Amino acid sequence: MWLLNFVVMVIASTILCLSPSFATEELVALIIGGTNTDIERYPYTVQIYRNSDFKCGGSLISHRHVLSAAHCFFKNNGIISPVHFTVRAGTSKLNTGGTEVAVYQIIVPDRYNPKISDNDLAVLVLCSKLATSASIGIVTIPRQGYEVPDNSAVTYVGWGSTSVQISQPSQILQSVTVFTVSRHVCAERYARQEVSSGRVMVVTHNMICAGLLDIGGKDACQWDSGGPLLFNNTLVGIISWGYQCAHSNFPGVATRVSSFYRWIHETMANYNADELIGVCTSQKSAAGRNPMNCRGRLYLTYLLIIYSLIFK
Ligand code: ARG
């Protein structure tokens, strides 16, 4: 009898652990100061995983290319191999749903400066093309040199932390609308901070600042990096850095996409994966499963086992 119980529970735990959508909504927290949103509202927004752990956001700029932040793919001043990364598109929920594809190549501009996060962008070439649908779309990028006027309403979108205290990503896609802050004012704020903290915080021409200046409370945060900053549904920024999150004195800083219009288009043309025939297919199988969710399900199963042992 005990053995039978055991066998049943092992089978149950396997099923529970492999079922994609059980027990994933433990925590609905709120990007900082934002609200839940739906992928169909921002269908080009994607999740980027490193070894199955959610790391960063990104935006689809073609059926085969994702734009994200360079710092998401760097370790010890080098680019991490693309075999460790996957992209999930077409879902509002973290770690589940939509379509997951492997990454074939990661291209970062030579000018990327990790010390001050200047030119913080990367183009990912996907192993297979993503078909567009209601929940998968392609975003437009502004022409070379375009400037968003100061004080324009812009929107951050992502699965990042919803409070400075909560150091985990959000289970549901968030969006928050803030305002662009003049580069001059933003640079001045960060220059002052640099003096007091000893950290180098330079706001260059390839950056765009956005937040609620002197108010705070709304911003992107950890795990939002790489994701979109939108102005009238065009991708004007790539979430990059900031001093803490939602601080009243310090706006969030994004990579200014219009500085790289030419580089992005050249990169997409040069890295179009035309030569790719089955190169990526062996990489993936169970990628994207969140071990925490799986662990949660396992705990539940252990409880069931104990229960069944007591009442057998
Ligand atoms: N660097 C962070 C990341 O890797 C995102 C920073 C955005 N911070 C901010 N205050 N807007 O996810």
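Not measured: the values here are computed from a predicted model.

A.B. asks: Describe in detail the overall build of the protein, supporting the description with residues and values.
C.D. replies: A tally of helices and strands in the protein yields four helices and 15 strands. For the protein, the proportion of its 312 residues judged to be buried stands at 53%. As presented, the protein carries roughly 14500 Å² of accessible surface, and 56% of it is formed by carbon and sulfur atoms.

A.B. asks: Quick one: what's the story with the pairing of strand E2 (residues 45-50), residue by residue and with numbers?
C.D. replies: A large share of E2 lies buried, amounting to six of its six residues. In this sheet, strand E3 (residues 53-60) lies alongside E2 in antiparallel orientation, the contact comprising six bridges. What sits directly across from Arg 50, in E3, is Asp 53. In this antiparallel pair of consecutive strands, E2 and E3, the connection spans two residues, and Asn 51 shows a positive phi of 45°. Pairing analysis gives five bridges linking E2 to strand E7 (residues 85-89), with the strands arranged antiparallel. In the sheet register, Gln 47 faces E7, and the bridge partner there is Arg 88.

A.B. asks: How would you sum up helix H3 (residues 261-270)? Please name residues and give values.
C.D. replies: Regarding H3, the residues found buried are Trp 263, Ile 264, Thr 267 and Met 268. Here the buried residues of H3 occupy an arc of 130° about the axis, which is enough to place them on one side. Projecting away from the buried face of H3 at angles above 90 degrees are the exposed residues Arg 262 and Asn 270. Among the structural elements, strand E4 (65-68), strand E8 (99-107) and strand E9 (122-126) are those in contact with the buried residues of H3.

A.B. asks: Outline the packing of aromatic side chains, supporting the account with residue identities and numerical values.
C.D. replies: Applying the stated rule across the entire model yields seven aromatic pairs. Measuring from ring centre to ring centre gives 5.2 Å for Tyr 190 and Phe 250, while their planes differ by 45°; the resulting arrangement is tilted. Placement of the pair is Tyr 190 in helix H2 (residues 183-197) and Phe 250 in the loop between strand E14 (234-241) and strand E15 (252-256), with a sequence separation of 60 residues. With a relative accessible area of 0%, Tyr 190 lands in the buried category.

What counts and how
- Residues numbered from 1 in each chain as written.
- Predicted model: local features only at pLDDT ≥ 70, side-chain atom pairs only at ≥ 80, totals over all residues.
- Heavy atoms only, no water.
- Helix = DSSP H or I, 4+ residues; strand = E, 2+ residues; numbered from the N terminus.
- Buried < 20%, exposed > 50% of the residue type's maximum accessible area, 1.4 Å probe, protein only.
- Areas by Shrake-Rupley, 256 points an atom, 1.4 Å probe, with all protein chains shown as cover.
- Pairing = 2+ DSSP bridges.
- Arc of directions from axis to C-beta.
- Contact = heavy atoms within 4.5 Å.
- Phe/Tyr/Trp six-rings, centres within 6.5 Å; stacked < 30°, edge-to-face > 60°.

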